[in-house]
Amino acid sequence: MPITEGVVEVKHKDGWAQICDLGWTPKNSRVVCGMMGFPHERKVNKSFYKQTAKPKANPKSKPSNSGKRLYAERQKNNFQLHSVACTGTEVHLAACPLEFNKGNSTSSCQGGMPVVVSCVPGPQFTHNAATKKKMKTTSTVRLKAGAKLGEGRVEVLKNTEWGTVCDDRWTLLSASVVCREMGFGSAKEALTGARMGQGMGPIHMNEVQCVGQEKSIWNCPFKNITSEDCQHMEDAAVRCNTPYMALENSIRITGGRTRYEGRVEVLDTASNGTQSWGLICGEGWGTMEGMVVCQQLGLGYVNHGMQETWYWDSSNVTDMILSGVKCTGNEMSLSHCQHHKTVSCQKAAAKFAAGVICSETASDLVLNAPLVQQSVYIEDRPLHMLYCAAEEDCLSQSASKANWPYGHRRLLRFSSQIHNIGRADFRPKAGRHSWVWHACHGHYHSMDIFTHYDLLNANGSKVAEGHKASFCLEDTECHEGVSKRYECANFGEQGITVGCWDLYRHDIDCQWIDITDIKPGNYILQVVINPNFEVAESDFTNNAMKCNCKYDGHRIWLHHCHVGDSFSEEAEKRFEKYPGQLNNQIS
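Calculation notes
Residues numbered from 1 in each chain as written. Predicted model: local features only at pLDDT ≥ 70, side-chain atom pairs only at ≥ 80, totals over all residues. Heavy atoms only, no water. Disulfide = S-S within 2.5 Å. Helix = DSSP H or I, 4+ residues; strand = E, 2+ residues; numbered from the N terminus. Buried < 20%, exposed > 50% of the residue type's maximum accessible area, 1.4 Å probe, protein only. Pairing = 2+ DSSP bridges. Axes fitted to C-alpha atoms, helices over the stretch in contact; angles between N-to-C directions. Salt bridge = Lys/Arg side-chain N within 4 Å of Asp/Glu carboxyl O. Arc of directions from axis to C-beta. Contact = heavy atoms within 4.5 Å. Lys, Arg positive; Asp, Glu negative; His and termini not counted. Polar contact = N/O pair within 3.5 Å; in protein donor to acceptor, adjacent residues only side chain to side chain. Core = buried A, V, L, I, M, F, W, Y, C linked by side-chain atoms within 4.5 Å. pLDDT = per-residue confidence, 0-100.

**Examining the state of the cysteines**
So, step 1. Scanning all chains against the criterion turns up 12 disulfides.
So, step 2. With a sulfur-sulfur separation of 2.1 Å, C33 is cross-linked through a disulfide to C119. Taking the torsion about the S-S bond as the criterion, the C33 to C119 disulfide, at about -90 degrees, is left-handed. Within this pair, whereas C33 is found in helix α1 (residues 26-35), its partner C119 is found in strand β7 (residues 116-120), the two being separated by 86 residues in sequence.
So, step 3. Residue class for C33 comes out buried when judged on its relative accessible area of 0%.
So, step 4. Given the relative accessible area of 4%, C119 is considered buried.
So, step 5. One disulfide bridge connects C547 with C561, the sulfur atoms lying 2.0 Å from each other. Where C547 bonds to C561 through sulfur, the torsion about that S-S bond is close to 115 degrees, and the disulfide is right-handed. Within this pair, whereas C547 is found in strand β32 (residues 544-551), its partner C561 is found in strand β33 (residues 556-563), the two being separated by 14 residues in sequence.
So, step 6. Overall, C547 belongs to the buried group, its relative accessible area being 0%.
So, step 7. No disulfide involves C549; its nearest neighbouring cysteine sulfur is the one of C547, lying 8.0 Å away.

**Re the sheet that holds strand β1 (residues 5-7)**
So, step 1. Across the sheet, which stays open at both edges, the three strands sit in the order β1-β7-β4 with antiparallel pairing between neighbours. Of all the strands in the sheet, the pair left with one neighbour each is β1 and β4 (40-42). Strand-to-strand twist in this sheet, taken as the mean axis angle between neighbours without regard to direction, amounts to 35 degrees.
So, step 2. Pairing between β1 and β7: three bridges, direction antiparallel. Looking at β7, one finds that V7 is bridged to V116.

**Some remarks on the pattern of salt bridges**
So, step 1. Scanning the entire structure with this criterion turns up 25 salt bridges.
So, step 2. Taking the shortest distance from any N to any O, the salt bridge between R239 and E189 comes out at 3.0 Å. Here R239, found in strand β13 (residues 237-240), pairs with E189, found in strand β11 (residues 187-191); they are 50 residues apart in sequence, far enough to count as distant.
So, step 3. Between E465 and K462 there is a salt bridge, with the nearest N and O atoms lying 3.6 Å from each other.
So, step 4. Within this structure, R142, K144, R153, E155, D539 and D565 form a network of salt bridges that share partners.

**Quick word on helix α9 (residues 569-577)**
So, step 1. All of the buried residues in α9 are A571, E572 and F575. When α9 is viewed along its axis, its buried side chains cluster within an angular range of 100 degrees and face the same direction. Those residues of α9 that are exposed and angled more than 90 degrees off the buried face are E569, K573, R574 and K577.
So, step 2. Structurally, α9 contributes buried residues whose contacts are with β31 (521-529), β32 and β33.

**Comments concerning the side chain of R180**
So, step 1. Its location among the elements puts R180 in helix α5 (residues 172-181).
So, step 2. Despite its burial, R180 remains without a salt bridge, the nearest opposite charge being carried by E41 at 5.7 Å.
So, step 3. Here R30 takes part through its backbone oxygen, which lies 3.3 Å from a polar atom of the side chain of R180.
So, step 4. With near-sequence residues (within four places) excluded, R180 lies in contact with R30, G34, F38, P39, H40, G185 and S186.

**Overview of the nonpolar core**
So, step 1. Residues F450, L455 and L525 are the most contacted members of the largest nonpolar core, which totals 32 residues.
So, step 2. Listed by contribution, the elements that provide at least two residues to this core are β20 (365-367), α7 (369-375), β26 (451-456), β31, β32 and β33.
So, step 3. Ranked by size, the runner-up nonpolar core spans 25 residues in total, among them W285, V293, C327 and A354.

**Structural notes on the pairing of β32**
So, step 1. Across the eight residues that make up β32, a large majority, seven, are buried.
So, step 2. Of the pairings in the sheet, the one linking β32 to β33 comprises six bridges and is antiparallel in character. Within β33, the position partnered with M545 by the bridge is V563.
So, step 3. The turn joining β32 and β33, which pair antiparallel and follow one another in sequence, is formed by four residues; a positive phi near 100 degrees is taken by G553.

**A look at the sheet that holds strand β2 (residues 9-12)**
So, step 1. Taken in spatial order, the four strands of this open sheet run β2-β3-β5-β6, and their pairing is mixed. Strand pairing shows two members of the sheet lacking a second neighbour, β2 and β6 (99-100), which therefore form its edges.
So, step 2. Inspection of the sheet shows strand β5 (residues 79-82) paired to β6 by two bridges, in the antiparallel sense. When the sheet's bridge partners are listed, L81 is paired in β6 with F100.

**Brief notes about unusual backbone geometry**
So, step 1. Here the bond from W404 into P405 is cis, since omega is -5 degrees, no more than 30 degrees from zero.
So, step 2. With respect to the secondary-structure elements, P405 resides in the loop between α8 (387-391) and β22 (408-413).
So, step 3. Unlike most non-glycine residues, N530 shows phi in positive territory, near 50 degrees.
So, step 4. Within the secondary structure, N530 is located in the loop between β31 and β32.
So, step 5. Phi is positive for H560, close to 55 degrees, though the residue is something other than glycine.
So, step 6. Within the element layout of this structure, H560 appears in strand β33.

**Quick look at the confidence of the model for the protein**
So, step 1. In the predicted model, the protein carries a mean pLDDT of 86, and the fraction of residues at 70 or more is 89%.
So, step 2. Here residues 51-64 is a poorly scored stretch, pLDDT under 50, and it has nine contacts once near neighbours within four places are set aside; other chains count.
So, step 3. Below pLDDT 50 for its whole length, residues 581-587 participates in 11 contacts with residues either more than four positions away or in separate chains.

**A closer look at the side chain of S118**
So, step 1. By the secondary structure assignment, S118 is in strand β7.
So, step 2. A distance of 3.1 Å separates the side chain of S118 from the side chain of E5, its partner in a polar contact.
So, step 3. Contact partners of S118, with chain neighbours within four places excluded, come to T4, E5, C33, E41, R42, K43 and V44.

Spelled out as structure tokens, the structure:
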């Protein structure tokens, strides 16, 4: 829990000075709370501070230790600021009208006392479940693809679909409204030019002009968008002030070539209060766990989560004190992740301790959902044309019992266009020395599994599946002004450049689901990119795409194709409960 109340002190020369509370208003408190990472101020109980300052009032009652400490703090009386007059919309106290004391600053607050402020933390920083419920943050604004809590691309919900905000006239005032609405303090930065990556889908707002007092960005004046006005390269983002939690003090990385990489060490406090550093077992350690470490240390995104760290062996810390660590990637601290109650590690030597490589930028892959819907069809493909596909395990299990080379398989085919909307190129985890040559198709595979294709029934169970190794990650096309960097020909470098996309056409091998054994009915088609989180991304919530699917035994229809996080919760629930098409008319 962060500290939410106390005497306000401002940096002055080599020390700290206090502010005289004469004429102090709640608007001033709002600005201070915003700087400290809190959305709101609340009335402070000054009498508590006054009582502790005058212990003689009741000689029988001794002031408590906390009272003595508060009293000692108050005795500084080094007043440097007075007559502070904020309007409440400023993002920093320095932006408010105020006066500095001249001469003897210790006695210039007669009849007053040092300013004390009490702040209301956002729900993310509150343990009390009842308070959390009461303070529920907005469900119509969110931050995406940030490297840590309180930053990201601003997205707003309109007509059940999430969209971005254009950066024309984007200011700290508008950014602060978003930050407070999200349960953080005022904005530290209002970022323009898609500095947190480009969004996909609609752009809902342009020229947002908040004055700073609004409860929501939706209460601010803004213009609706036309496609000529804005593109996603102008998506607005924010960095908000967040409460200081000292989370970075309980973890460190050592032995790396730079401060962005190394073996992970965690601080352990014994029952007698002594503290020591220890290692984490590397078994099961991966991208999600590394993501939490990098965020906790303020080092951006994870690049790799390492299960062996013999090459970073510079520390004298050798004890494994944590194992079985499993994170979702959203935790504020590694201590919030699941782990074994007692350490259980097969390879307990220090060289098998967990490590990370962090990076200030990351890629972000997302599938073009409308193209899947437009390009879908069924093909009955003769078995004699499927030897290569069978070798690469692209057919369902029943194919092995077929009477090769006679007969056929029924394939659900579609195109996949995978965009990199992040801020770093998407590169396969494996170096080219370990890529696998497939003579059948005459190219190298750089990732074992790059995408999962699944057909699910109404219960969410798989009834058919396909998987696609990364045949070859390359830049098929790019946005205007972006150059292609990756191509597969001649054992070339593989990857997807920022602002480019890789197109797997419907007519290439394994770009399908084998539905030979599927009965007619209503299903959900699901495509998941980078399903094993082999390569780090800034946002994994947009890696899945779903469509409602109707199959009548001869033809197939897809509708409502969308990326996993592009609809509101209500719309997503309606999608899941969808009874299926009663006819072939898709409205």
